[in-house]
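Architecture and fold: a report
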Amino acid sequence: MKNNGFTLIELMVVVIIVAIITAILVPNYQNYKRKNDENIATQALDQIALDLEKEKARNFSFEGFSLNTSDRTLPKGKVGDASKYEVSLTKTIQTWTLMACVNDKLSDASKYTNFAKTHDGRKCEWKGTCVLPEACK
C-alpha cells in the first residue's frame with residue numbers, strides 16, 4: 001500500500017524548527033522597532049532644536065517659540081499606547097531644554113531610553129523615570 005503525506009514525526013520536526021526560528025526572530029524584531037522609535041525621538045529633538053535656533057536668530061530670544069501640538073508626541077499623530085515618547089520644552093529668554101520621555105504606559109517602557117538636548121549642545125540619554133539628570137542641567 002502506498003502512503004501519501006507526512007508522518008506525525010515529520011510534522012513535529014517542522015513545528016519545532018518554526019518555533020526555534022520564531023523564538024530568535026521576534027526579540028530581534030522588537031529590538032529593531034525600539035531602536036527605530038529611539039531614532040525618531042532623537043531626530044525630532046534635533047529638528048525642534050533647529051527651529052528654536054531659527055526663532056532666536058529672528059527675534060533674539062526663545063520667548064515666542066512654542067511646541068506644535070503634533071510635536072508633543074512621537075511618532076507624530078499617535079496618542080495613548082501608540083505614542084512612544086512625550087516631548088517637553090523648558091525655556092527662558094536665552095536658554096532651552098528639550099526632553100523626550102518614554103510613555104510609561106508601554107509594557108516595555110523600561111527598555112526604552114529617554115533623551116534630552118540643551119541650548120549649549122549637550123545631549124543626554126538615560127533609562128528610567130523622566131527626570132533630567134544633573135549632568136544635563
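Residues numbered from 1 in each chain as written. Predicted model: local features only at pLDDT ≥ 70, side-chain atom pairs only at ≥ 80, totals over all residues. Heavy atoms only, no water.

Remarks on the pattern of salt bridges
Definition in use: The rule for a salt bridge is simple: a side-chain nitrogen of Lys or Arg has to be within 4 Å of a carboxyl oxygen of Asp or Glu. Only runs of H or I of at least four residues qualify as helices and only runs of E of at least two qualify as strands under DSSP, and these elements are numbered from the N terminus.
Within this structure, the stated rule accounts for eight salt bridges. The closest approach of N and O atoms between Lys123 and Asp46, which form a salt bridge, is 3.8 Å. On the criterion of sequence distance, the pair formed by Lys123 in strand β5 (residues 123–126) and Asp46 in helix α1 (residues 8–59) is long-range, its members being 77 residues apart. Where Glu55 meets Arg58, a salt bridge forms, and the shortest distance between an N and an O atom there is 3.7 Å.

Considering the pairing of strand β4 (residues 114–118)
Condition: Burial classes follow relative accessibility: with a 1.4 Å probe on protein chains only, a residue under 20% of its type's maximum area counts as buried, one over 50% as exposed, and anything between as partly exposed. Here, strands pair whenever DSSP counts at least two bridges between them.
Most of β4 sits out of view: five of its five residues are buried. Alternating residues of β4 divide into Asn114, Ala116 and Thr118 and Phe115 and Lys117, and every residue in both groups is buried. Examined bridge by bridge, strand β3 (residues 96–102) and β4 share four bridges and lie antiparallel to one another. Directly across from Ala100, in β4, lies its bridge partner Phe115. Across four bridges, β4 lies against β5 in antiparallel orientation. Considered in β5, the bridge of Ala116 is made with Cys124. Hairpin connection from β4 to β5: four residues lie between these consecutive antiparallel strands, with Gly121 at a positive phi of about 95°.

What about the state of the cysteines?
Among covalent bonds in proteins, the disulfide is the one between the sulfur atoms of two cysteines. Keep this limit in mind: Here, a disulfide means two cysteine sulfur atoms that sit within 2.5 Å of each other.
Taken as a whole and judged by the stated rule, the model has two disulfides. What pairs with Cys101 in a disulfide is Cys130, and their sulfur atoms sit 1.7 Å apart. On the sign convention where negative means left-handed, the S-S torsion of about 50° between Cys101 and Cys130 marks this disulfide as right-handed. One end of the pair, Cys101, is in strand β3; the other, Cys130, is in the segment after β5, and 29 residues separate them in sequence. Note on Cys101: relative accessible area 6%, which makes it buried. Owing to a relative accessible area of 38%, Cys130 belongs among the partly exposed residues under this scheme. Here Cys124 connects covalently by a disulfide to Cys136, the sulfurs 2.1 Å from one another. Residues Cys124 and Cys136 are joined by a disulfide whose S-S torsion is about 110°; by sign, that bridge is right-handed. Remark: Cys136 occurs in the segment after β5 and Cys124 occurs in strand β5; sequence separation between them is twelve residues. A residue is classified by how much of its surface remains accessible, and Cys136, at 1% relative accessible area, is buried.

The analysis is restricted to geometry; functional conclusions fall outside its scope.
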